[in-house]
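Chain and residue survey
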Amino acid sequence: MRTTLFKNALVLATMDDTRRELPGGSVLVRGNRVASIHAAGENLPAADETIDCSRHVLMPGLINTHHHMYQSLTRAVPAAQDVDLFAWLKALYPIWARLTPEMITISTQTAMAELILSGCTTSSDHLYIYPDGCRLDDAIAAAHEIGMRFHAARGAMSVGESKGGLPPDRVVEDESVILKDMQRLVEAYHDPSECSMCRMVLAPCSPFSVSTDLMRESAVMARHYGVSLHTHLAENDDDVAYSLAKFGATPAQYAENLGWTGHDVWHAHCVKLDDDGIFRFARTGTGVAHCPCSNMRLASGIAPVGKMRAAGVSVGLGVDGSASNDGAHMLGEARQALLLQRVGFGPAAMTARQALELATRGGAKVLNRSDIGHLAPGMAADLVAFDVSGIAHAGALHDPLAALAFAAPVAAAHVMINGRLVVREGALLTLNLHSLVRRHNELSTILVNG
């Protein structure tokens with residue numbers, strides 16, 4: 001098997017169980033796994049390829065736990081710039097109703113390219129709208145081509161405006177069709193093995209767009225097949241008010257009543273998760289995808305991440321949809337998580353290392369994976385190297401690891417996913433980025449202008 005040696009890092013942050021940080025550390029990759037880790041001064045093994053990391057922070061690949069990649073086509077749409085969640089959705093649903101299969105493919109690759117160049121090696125994507133023949137297969141094929149480790153979430157909306165839901169009727173699906181397609185996708189694509197590059201997730205969109213029956217039945221199906229569950233929950237005050245009025249329960253109570261808690265479940269946002277909800281999630285091992293940029297963009301509030309973590313809730317980071325964040329930079333998301341917790345809860349509410357841990361170990365736990373998120377022999381070979389010798393980190397090399405979160409976010413210099421180098425010296429190797437962006441902008445214009 002081919003070997004690659006990442007050599008003599010300025011600092012190697014393993015994020016392992018003891019959180020080892022090794023100045024001058026090196027990592028040997030064999031095939032698609034980490035073979036060995038070496039401290040400075042140790043004799044280093046020979047390798048087929050050696051990458052000098054003496055100007056770099058070397059660490060595990062970052063993990064994105066919540067996204068809507070198709071939304072990269074509708075960034076900064078004027079009608080949705082200055083509104084809250086429900087108004088934002090109402091402005092964009094009619095545009096998204098014109099999506100095509102090519103738009104799904106190209107937007108997925110654009111979003112993934114942006115993530116990979118920011119140091120992200122694993123991402124979930126929550127696709128919940130399927131007009132004009134669009135299928136989740138389009139996104140899965142796109143991920144395979146670009147080389148990203150993918151948790152593909154088969155989202156769904158089944159309760160339109162005529163039944164008291166938020167989305168217009170023309171963008172919802174029949175629930176029997178949804179469940180049949182969920183089963184098809186799991187049977188066709190889900191790979192539960194170690195170092196799997198594709199896992200399926202069942203993901204009805206939100207309590208205000210699907211029925212209780214669909215929530216229950218998707219949970220039963222997920223447990224039958226051994227796949228994870230994902231949805232939006234307690235995102236803002238309107239979300240909570242809808243749950244109380246419609247179901248007579250808080251979002252967390254509603255989720256638990258329907259079987260939507262456990263180690264195989266994670267919920268996006270949870271900005272308004274109350275103390276009882278935090279207790280329920282901690283008791284059951286339910287995870288949370290924290291999306292600070294989106295929560296600020298839509299003025300949803302500040303999620304109590306520190307309180308969640310103190311209670312034992314697993315928390316990862318999500319960039320969320322590129323129309324509610326307008327960017328997808330994982331280091332940038334970690335930085336915003338750090339800063340937002342401090343704004344909400346004080347200067348010691350989150351450290352730089354805790355923010356980076358959310359983006360690595362935290363994400364792995366939320367996605368229910370033990371083979372990614374830290375570096376140790378036998379782990380999947382997902383590594384990222386950030387060059388900290390430039391202007392963004394000038395004067396910050398007293399603590400180069402913390403500087404990744406405190407300083408302005410930079411692009412990754414090298415990215416390896418599953419033993420395959422997909423970024424070298426800042427350049428994406430698996431796709432022609434210029435052609436991708438050109439076509440993406442063409443499709444965006446067609447979609448938004450109708």
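Residues numbered from 1 in each chain as written. Predicted model: local features only at pLDDT ≥ 70, side-chain atom pairs only at ≥ 80, totals over all residues. Heavy atoms only, no water.

1. Remarks on the sheet that holds strand 1 (residues 3-7)
Hydrogen bonds between backbone groups are what pair the strands of a sheet, and the pairing can be parallel or antiparallel. Threshold: Here a strand pair is declared whenever DSSP counts at least two bridges between the two strands. Counting from the N terminus, the helices are DSSP H or I runs at least four residues long and the strands are E runs at least two residues long. Fitted lines through C-alpha atoms give the axes, limited to the stretch in contact for helices. The angle between two N-to-C directions lies from 0 to 180 degrees.
Strand order in this open sheet of four strands is 5-4-1-6, and the pairing throughout is mixed. Either end of the sheet is taken by a strand with one partner, and the two such strands are strand 5 (33-38) and strand 6 (49-52). For this sheet, the mean angle separating the axes of adjacent strands, direction not counted, is 20°. Direction of pairing for strand 1 relative to strand 6: parallel, over a ladder of four bridges. Its bridge partner being in strand 6, Lys 7 is matched across the sheet by Asp 52.

2. So, the confidence of the model for the protein
Keep this limit in mind: pLDDT is a residue-level measure of predictor confidence that goes from 0 to 100.
This prediction gives the protein a mean pLDDT of 97; 100% of its residues lie at or above 70. Averaged pLDDT values for the elements of the protein fall to 94 in helix 6 (residues 237-247) and rise to 99 in strand 8 (residues 62-64).

3. Considerations on the side chain of Asp 16
Inclusion rule: Think of a polar contact as two N or O atoms within 3.5 Å of one another; within protein, one of them needs to be a possible hydrogen donor and the other a possible acceptor, and neighboring residues in sequence only count if both atoms come from side chains. A contact between two residues is defined here by any heavy atoms of the two lying within 4.5 Å.
Examined against the element boundaries, Asp 16 turns out to sit in the loop between strand 2 (11-13) and strand 3 (21-22). Within the structure, the side chain of Asp 16 is placed 3.0 Å from the side chain of Arg 20, a separation counted as a polar contact. Those residues in contact with Asp 16 that sit more than four places away from it in its chain are Arg 361, His 374 and Leu 375.

4. Here's the deal with the layout of surface pockets
For the record, the criterion: The distinction between a cavity and a pocket rests on a 1 Å grid over the protein atoms alone: a 1.4 Å probe fits inside a cavity but cannot get out, while a pocket stays open yet meets protein on both sides within 12 Å along at least five of seven lines, and a residue with an atom within 4 Å of a point counts as lining. Grid points are joined across faces, edges and corners, and a volume is the space filled by probe spheres set on the points. Three classes are used, and their members are as follows: Ala, Val, Leu, Ile, Met, Phe, Trp, Tyr, Cys and Pro are nonpolar, Asp, Glu, Lys and Arg are charged, and the others, Gly among them, are polar.
In this structure, the largest pocket occupies an estimated 300 Å³ of space. Lining of the largest pocket is provided by 17 residues; of these, Arg 19, Glu 357, Arg 361, Gly 362 and Lys 365 occupy positions nearest its centre. The element best represented in the lining of the largest pocket is helix 12 (residues 352-366), accounting for five residues. Here the residues of the lining of the largest pocket sort into four nonpolar, six polar and seven charged. By volume, the second largest pocket is sized at about 190 Å³. What lines the second largest pocket is simply Ile 140, Ala 143, His 144, Gly 147, Met 148, Phe 150, Met 197, Cys 198, Ile 417, Asn 418 and Arg 420. Sorting elements by how many residues they give to the lining of the second largest pocket places helix 3 (residues 136-146) first, with three residues. Residues of the lining of the second largest pocket, tallied by class, amount to seven nonpolar, three polar and one charged.

5. Considerations on the pattern of salt bridges
Think of it this way: side chains of opposite charge can pair up when their charged atoms draw near. Here is the rule: Within this document, salt bridges are pairs made up of a side-chain nitrogen of Lys or Arg and a carboxyl oxygen of Asp or Glu, the two lying within 4 Å of each other. Whether a residue is buried, partly exposed or exposed follows from its accessible area with a 1.4 Å probe, protein chains only, as a fraction of its type maximum: under 20%, in between, or over 50%, in that order.
According to the stated counting rule, one finds 28 salt bridges in the structure shown. Note that Glu 49 is salt-bridged to Arg 424, the shortest N-O span being 2.6 Å. Residue Glu 49 is located in strand 6, and its partner Arg 424 is located in strand 18 (residues 420-424); the two are separated by 375 residues in the primary sequence. For Glu 49, a relative accessible area of 16% puts it in the buried group. A salt bridge links Arg 135 to Asp 137, with the shortest nitrogen-to-oxygen separation between them at 3.6 Å. For Arg 135, a relative accessible area of 40% puts it in the partly exposed group. Through salt bridges that share partners, Arg 135, Asp 137, Arg 154, Glu 173, Asp 181 and Arg 184 make up one connected network.

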